[in-house]
Amino acid sequence: LDDDEKDRDSKVEGGSEVPSRTLSLRRVDTTENQKGDYQSVTEMLLKAVTATLNAYSDASGVQDIFGRTPLHSACMGRLTEPRTKAALVLLERSPQIALVADKVRHTALHLAARADHENPCFRTLVRAFLVADEHCMSRIDGSGKTVADLMGKVPQSSKESLALEAHPHRNGLASATG
């Protein structure tokens, strides 16, 4: 944390002092650049996720009223580079959240597959999920679908290549490739 992000005061919560942290964010001037400053938005999102995880190590496992974690939020809707990077940070810090399903039994990867499985960012996510949970592609959601089912438009060979890229030891590829 830089000087602007250091503890500014403390709040009493449940009898113990909890540091109050503020995050210094630069406002993006959209009058000069209608698209905004994409790089600063990406950096802002990653700073916010990282600062939250640094301040509250268990924040990645917090669930909303629908049972969704911050990883679910990062994987919902169109997969952008910032959302994908945020998901990767969350998975790196807490790989076990890959297993968390919401109230309708969707993992974050189910949500990503439903929304945007043809996006190149999805391939990056799948690799990270496979490291955290080697069975992520075959977990069944509340509608009886697996991630692989949701990727139905993707040829079988693509599904298999995603799994094998993350786990080269399967099907003897480890010995064949080195």
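Structural data are supplied above this passage.
Residues numbered from 1 in each chain as written. Predicted model: local features only at pLDDT ≥ 70, side-chain atom pairs only at ≥ 80, totals over all residues. Heavy atoms only, no water.

Undergrad: In this structure, what is going on with the environment of arginine 105? I would like to understand it.
TA: Tracing the sequence through the fold places arginine 105 in the loop between α3 (81-93) and α4 (108-116). Residues arginine 105 and aspartate 141, 36 residues apart in the sequence, show an inter-C-alpha distance of 4.7 Å. Excluding anything up to four places from it in sequence, arginine 105 contacts His110, Ile140, Asp141 and Gly142. (Helix = DSSP H or I, 4+ residues; strand = E, 2+ residues; numbered from the N terminus. Contact = heavy atoms within 4.5 Å.)

Undergrad: Help me understand the nonpolar core, please; the structure alone is not making it clear to me.
TA: Soluble globular proteins tend to bury their nonpolar side chains together. Judged by nonpolar contacts, the single largest core of 28 residues is most densely connected at Leu71, Cys75, Leu109, Phe122, Phe129 and Met137. At the level of secondary structure, the elements contributing two or more residues to this core comprise α1 (38-55), α2 (70-75), α3, α4, α5 (120-132) and α6 (147-150). The element that contributes the greatest number of residues to this core is α5, accounting for 6 residues. Apart from the residues lying within four places of it in its own chain, the contact partners of methionine 137 are Leu109, Val126, Leu130, Thr146, Val147, Ala148 and Met151. (Core = buried A, V, L, I, M, F, W, Y, C linked by side-chain atoms within 4.5 Å. Buried < 20%, exposed > 50% of the residue type's maximum accessible area, 1.4 Å probe, protein only.)

Undergrad: Mind showing me how you'd approach the side chain of aspartate 141 here?
TA: In this structure, aspartate 141 sits in the loop between α5 and α6. In terms of polar contacts, aspartate 141 uses its side chain to reach the side chain of arginine 114, at 2.7 Å. (Polar contact = N/O pair within 3.5 Å; in protein donor to acceptor, adjacent residues only side chain to side chain.)

Undergrad: It is not clear to me how α4 should be interpreted in this structure. Could you clarify?
TA: In terms of burial, α4 is a largely internal element, 7 of the 9 residues being buried. Three or more residues of α4 are buried, namely Ala108, Leu109, His110, Leu111, Ala112, Ala113 and Asp116. Those residues of α4 that are buried are in contact with α2, α5 and α6.

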